Amino acid sequence: MSALDELATAVETGKAKLVKELVPKAVEEGFSAQEILNDGLLKGMNVVGDRFTRNEAFVPEVLVSARAMNKGTELIKPMLAEEGNEPLGKACLGTVQGDLHDIGKNIVKLLVESKNIEVIDLGVDVPPEKFVETVINEKCDLVLCSALLTTTMPMMGKVVEALKEAGVRDQVKVFIGGAPITQAFCDEIGADYYTEDAASCANKAVEVLSAK
């Protein structure tokens with residue numbers, strides 16, 4: 001078994017300490033940083049993401065695996081920069097203004113990052129202006145909005161409107177999600193995509209960015 005296969009298994013099983021040992025081993029075996037990322041770290045995380053989609057894994061398992069993956073990515077970041085490898089794209093993520101729920105948002109962040117997409121996490125209670133400011137300053141490709149309360153759903157529409165008013169609506173794709181959200185609501189406010197769970201969001205983000 002190569003170091004990459006061992007890495008994938010270590011991430012899948014959430015063994016952060018082992019990941020830190022295996023990354024240097026993979027380098028010694030001659031693998032590039034991109035190979036370590038794609039065929040080791042992300043491969044293992046994708047297995048967990050797929051299991052999560054099928055309800056065969058739960059939030060704690062995803063968090064433990066993500067922690068292990070992040071330990072590995074920290075080690076290879078300098079190597080990735082030297083190799084000139086770029087993320088697939090950039091997304092800004094936040095729970096909309098008035099809503100303080102973050103568990104769903106945090107899972108989205110982990111699974112989207114596992115697809116080699118850079119995520120700027122704006123946190124919770126994020127006003128529309130903050131999404132717009134981040135899109136402009138960070139040149140984001142995607143805006144990912146989360147809401148768990150029906151009372152904060154309209155704020156997603158205000159995010160879309162704020163992007164229009166700032167003249168950047170056509171530069172980004174807007175994703176919305178959360179327990180009360182539906183495809184009909186997505187269509188109503190003019191967002192681009194509704195995804196019913198974090199794994200679906202991550203997969204759709206890859207599809208959208210790959211088509212650019």
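Residues numbered from 1 in each chain as written. Predicted model: local features only at pLDDT ≥ 70, side-chain atom pairs only at ≥ 80, totals over all residues. Heavy atoms only, no water.

> When you look at the pairing of strand β2 (residues 118-121) in this model, what are you seeing that I'm missing?
In summary, the side chains of a regular strand alternate between the two faces of the sheet. For strand β1 (residues 90-95) and β2, the ladder comprises 4 bridges, and the chain directions are parallel. If you follow Lys90 over to β2, its bridge partner there is Glu118. The handedness of the β1 to β2 crossover, carried by helix α5 (residues 103-113), is right-handed. (Pairing = 2+ DSSP bridges. Helix = DSSP H or I, 4+ residues; strand = E, 2+ residues; numbered from the N terminus. Right-handed = clockwise from strand over helix to strand, strands pointing away.)

> I'm lost on the packing of α5 against helix α9 (residues 198-210) in this one. Help?
Closest axis-to-axis distance for the α5/α9 pair is 8 Å, and the angle between their directions is 35°. The element α5 and its partner α9 pack so that their crossing is right-handed. Between α5 and α9, the residues in contact are Ile107, Val108, Leu111 and Val112 and Ala198, Ala199, Cys201 and Ala202, respectively. Of the residues in the contact of α5 with α9, the class split is 8 nonpolar, no polar and no charged. (Axes fitted to C-alpha atoms, helices over the stretch in contact; angles between N-to-C directions. Left-handed = near helix turned anticlockwise from the far one by under 90°. Contact = heavy atoms within 4.5 Å. Nonpolar A, V, L, I, M, F, W, Y, C, P; charged D, E, K, R; others polar.)

> I'm lost on the pattern of salt bridges in this one. Help?
Side-chain pairs of opposite charge can arise where the charged atoms are in close proximity. If you walk through the whole model with that rule in mind, you get 12 salt bridges. Between Lys25 and Glu6 there is a salt bridge whose closest N-O contact spans 2.7 Å. Placement of Lys25 in helix α2 (residues 16-28) and of Glu6 in helix α1 (residues 3-12) is noted, with a sequence separation of 19 residues between them. According to the relative accessible area criterion, Glu6 is partly exposed, its value standing at 24%. In this structure, Lys212 and Asp141 form a salt bridge, with 2.7 Å as the shortest nitrogen-oxygen distance. Here Lys212 is found in the segment after α9, whereas its partner Asp141 is found in the loop between α6 (128-138) and β3 (142-146), with 71 residues between them in sequence. (Salt bridge = Lys/Arg side-chain N within 4 Å of Asp/Glu carboxyl O. Buried < 20%, exposed > 50% of the residue type's maximum accessible area, 1.4 Å probe, protein only.)

> What exactly am I supposed to notice about the layout of surface pockets here?
Approximately 530 Å³ is the volume attributed to the largest pocket. Among the elements of the structure, α3 (33-53), α4 (59-83), α5 and β2 are those that each provide at least two residues to the lining of the largest pocket. Top element by residues in the lining of the largest pocket is α4. It accounts for 7 residues. There is about 390 Å³ of room inside the second largest pocket. (1 Å grid on protein atoms, 1.4 Å probe; cavity = no way out; pocket = protein on both sides within 12 Å on 5 of 7 lines; lining within 4 Å. Points joined across faces, edges and corners; volume = space filled by probe spheres on them.)

> Would you mind going over the packing of α4 against α5 with me for this structure?
Geometry of a packed helix pair, given as the angle between the helix axes and the separation of the axes. Close contact between α4 and α5 brings their axes to 10 Å; oriented N to C, the two are set at 45°. In terms of axis orientation, α4 runs oblique to α5. Between α4 and α5 the crossing geometry is left-handed. Judged by residue contacts, Val59, Val62, Leu63, Ala66 and Asn70 of α4 engage Ile107, Leu110 and Leu111 from α5. Residue classes in the contact of α4 with α5 are distributed as 7 nonpolar, 1 polar and no charged. (Parallel < 35°, antiparallel > 145°, perpendicular 65-115°, else oblique.)

> Looking at this model, I keep getting lost on the pairing of β3. Mind explaining?
Where burial is concerned, most of β3 is hidden: 5 out of the 5 residues are buried. The alternating pattern of β3 places Leu142, Leu144 and Ser146 on one face and Val143 and Cys145 on the opposite face, and all of these are buried. As defined by bridge partners, β1 adjoins β3 across 5 bridges and the pair is classed as parallel. Considered in β3, the bridge of Ala91 is made with Leu142. Examined bridge by bridge, β3 and strand β4 (residues 173-177) share 5 bridges and lie parallel to one another. Paired with Ser146 across the bridge in β4 is Gly177. The parallel pair β3 and β4, bridged by helix α7 (residues 153-165), forms a crossover whose chirality is right-handed.

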